[in-house]
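Notes for the structure review
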Amino acid sequence: MKNNVSVALHGGLGNQLFQFATGLSVARKHQVPLTLDLTWFDMAAHLPNTTVRHYALAPFGVDVPTYRKPTPEGSRVRFFIYRVMRKLQRHLGISAQGVTHLNEKSFRFDPAVLETAPPLHLFGYWQSPLYFDRIRPELTALLGKPRQMNAGTCRLHEEISNTEAICIHVRRGDYVTNQQAASTHGLCDMSYYDTGVAHVRQGLSAPHAFVFSDDTQWVRSNLKLDIPMTVVDVNGPDDAHQDLWLMAACKRFVIANSSLSWWGAWLSEAQSKVVVAPRKWFADEKLDTTDLIPQDWIRV
């Protein structure tokens, strides 16, 4: 492998953004190229309790080389052996080619990641802005406006930009339908949204809630607010980049325990930005997210 930084992408758009941003930050620090490992997307269909995802950074015009390692076809036994070997390689730390493999140890920020010299391969979630705050101007310029938007998104973006817009994100989807995801993540309850809206509406003369959700029918039936509310339904499940652009146009935020709305809030450059985030990000309390939420955000 060349003297570069490679980062494995996996999960949906929000997770991919954390991985990309961390990889880019490390590459910029060491002044070497970045490449993106997309192998997981070929593996996902074979993994139990895994939501199949796709590479989602193309709409942003990310101009970074990508590659995919060959994955075995045929029996589950062959695939299982392949997967075990991949994990073993990551945990050993050094590959036969002399590349340092860093496997994320926990959700806490690890400063050693930024200091490790290339060639380097990163595998993890890297969910802390401490990895990439140093390149914020580059990230906001790159991710601030995707290249592919439909007419409905553009109209709604103009409305949001001219409104005292509060972004509310209700994440359900596989947090409800997938038992493993449900036990790991959990759901934000109605009291969280009531308290969050009370925080972020302060100082606004005409607040208007724009609600983003992967279950808009549930939102219409259950989310009752005493301020005007628009349920955003102009985009389908493959258009998360468009919803992200709309989220980032808002001034205030009540995010879910979701990497997508985390990025919507982080990318927003509103002068009066106020962000409320769940104090309990995971149902699994062993996962420490101390370094996930910026210090100026409010945890409820």
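In case you missed it, the structure is sitting above this.
Numbers given for residues are sequential positions, taken from 1 along each chain in its written order. A pLDDT threshold of at least 70 governs which residues receive local features in this predicted model, and a stricter bar of 80 or more applies before side-chain atom pairs are shown or counted, although totals over entire chains, interfaces and linings include all residues. The basis for every side-chain value is the complete set of heavy atoms in the structure, and neither hydrogens nor water enter the calculation.

The helix and strand tally for the chain stands at 12 helices and 11 strands. Each residue is placed in one exposure class: buried if its accessible area under a 1.4 Å probe, protein chains only, is under 20% of its type's maximum, exposed if it is over 50%, and partly exposed if it falls in between. The buried share of the chain, reckoned over its 300 residues, is 52%. Once local pairs closer than 6 in sequence are excluded, the contacts in the chain between residues at least 24 apart make up 66%. When the accessible surface of the chain is totalled, it reaches about 14400 Å², and 51% of it is carbon and sulfur. Only DSSP runs of H or I reaching four residues or more are called helices, and only runs of E reaching two or more are called strands; each is numbered from the N terminus. In what follows, a contact means two residues having at least one pair of non-hydrogen atoms within 4.5 Å. Areas reported as accessible are Shrake-Rupley estimates using a 1.4 Å probe. Residue values count occlusion only from the protein chains shown.

Below, the discussion takes up the sheet that holds strand β9 (residues 252–254). Note: two strands are recorded as paired if DSSP finds a minimum of 2 bridges between them. Reading across the sheet, the six strands line up as β8-β7-β6-β9-β10-β11 and stay open at both edges, with parallel pairing between neighbours. Bordering the open sheet on either side are β8 (229–231) and β11 (298–299), each of which pairs with just one other strand. Note that strand β10 (residues 274–277) and β11 share two bridges and pair parallel. The residue of β11 that forms the bridge with V276 is I298. This element, helix α9 (residues 190–200), spans β6 (164–170), β9, β10 and β11 of the sheet and lies at about 165 degrees to β9. Working convention: axes come from line fits to C-alpha atoms, limited for helices to the stretch in contact. Angles between N-to-C directions cover 0 to 180 degrees. Helix α11 (residues 240–248) rests against β6, β7 (207–213) and β9 of the sheet, and its axis sits at about 160 degrees to β7.

On to the environment of R134. Position of R134 relative to the elements: it lies in the loop between β5 (120–123) and α5 (136–143). Taking the C-alpha atoms as reference points, R134 and S25, 109 residues apart in sequence, are found 7.4 Å from one another. With sequence-adjacent residues up to four places away left out, R134 is seen in contact with S25, R28 and K29. Two N or O atoms form a polar contact when they lie within 3.5 Å of each other; inside protein one atom must be a possible hydrogen donor and the other a possible acceptor, and for residues adjacent in sequence the pair counts only when both atoms belong to side chains. Of note is the side chain of R134, whose polar atom sits 3.1 Å from the backbone oxygen of S25.

Turning our eyes to something else, we now look at the nonpolar core. Among the nonpolar cores identified, the biggest contains 64 residues, and F132, W262 and W263 are the most heavily contacted of them. Ranked by the residues each element gives to this core, the list is headed by helix α1 (residues 13–30), at eight residues. Excluding residues that lie within four positions of it along the chain, F132 makes contacts with F18, A21, T22, S25, W126, L139, W262, W263 and W266. What we call a nonpolar core is a set of buried Ala, Val, Leu, Ile, Met, Phe, Trp, Tyr and Cys residues that are connected through their side-chain atoms within 4.5 Å. V170, C188, Y192 and V219 belong to the second-largest nonpolar core, a separate cluster that totals 18 residues.

What follows deals with the sheet that holds strand β1 (residues 5–8). Two modes of strand pairing occur in sheets, parallel and antiparallel, and in both the strands are linked by backbone hydrogen bonds. In space, the five strands of this open sheet follow the order β3-β2-β1-β5-β4, with parallel pairing throughout. Looking at strand neighbours, the two that pair on one side only are β3 (66–67) and β4 (100–103), the edges of this open sheet. Bridging between β4 and β5 involves four bridges; their strand directions are parallel. By the bridge assignment, H101 is partnered in β5 with H121. Packed on one face of the sheet, α1 meets β1, β2 (34–37) and β5 and runs near 170 degrees to β1.

Let us look at the packing of α5 against helix α12 (residues 259–267). When two helices pack together, their arrangement is given by the angle between the helix axes and by the axis-to-axis distance. The geometry of α5 relative to α12 is characterised by a closest axis approach of 11 Å and an angle of 110 degrees between their N-to-C directions. Accordingly, the angle class assigned to the pair α5 and α12 is roughly perpendicular. Of the two possible hands of crossing, α5 and α12 adopt the one that is left-handed. Packed against α5, whose contacting residues are R136, L139, T140 and L143, the element α12 presents W263, W266 and L267 at the interface. Tallied by class, residues from the contact of α5 with α12 come to five nonpolar, one polar and one charged. Angular relationships are summarised with four words: roughly parallel below 35 degrees, roughly antiparallel beyond 145, roughly perpendicular across 65 to 115, and oblique for the angles in between. The hand of a helix crossing depends on one turn: near helix anticlockwise from the far one by less than a right angle means left-handed, and clockwise means right-handed. When residues are grouped by polarity, Ala, Val, Leu, Ile, Met, Phe, Trp, Tyr, Cys and Pro land in nonpolar, Asp, Glu, Lys and Arg in charged, and all others, Gly among them, in polar.

The buried fraction of α12 is high, at nine of nine residues. Of the positions making up α12, those classed as buried are S259, L260, S261, W262, W263, G264, A265, W266 and L267. Here α12 starts with a cap whose side-chain oxygen sits 3.2 Å from the backbone nitrogen of L260, and that cap is S258.

Moving on, we come to the pairing of β10. Every other side chain in a regular strand lies on the same face of the sheet, so the side chains alternate between the two faces. For β9 and β10, the ladder comprises three bridges, and the chain directions are parallel. Of the residues in β10, the one forming a bridge with V254 is V276. When the strands point away from the viewer, a crossover counts as right-handed if the path from the first strand over the helix to the second runs clockwise. Chirality of the crossover, the property in question, places the unit of β9, α12 and β10 among those that are right-handed.

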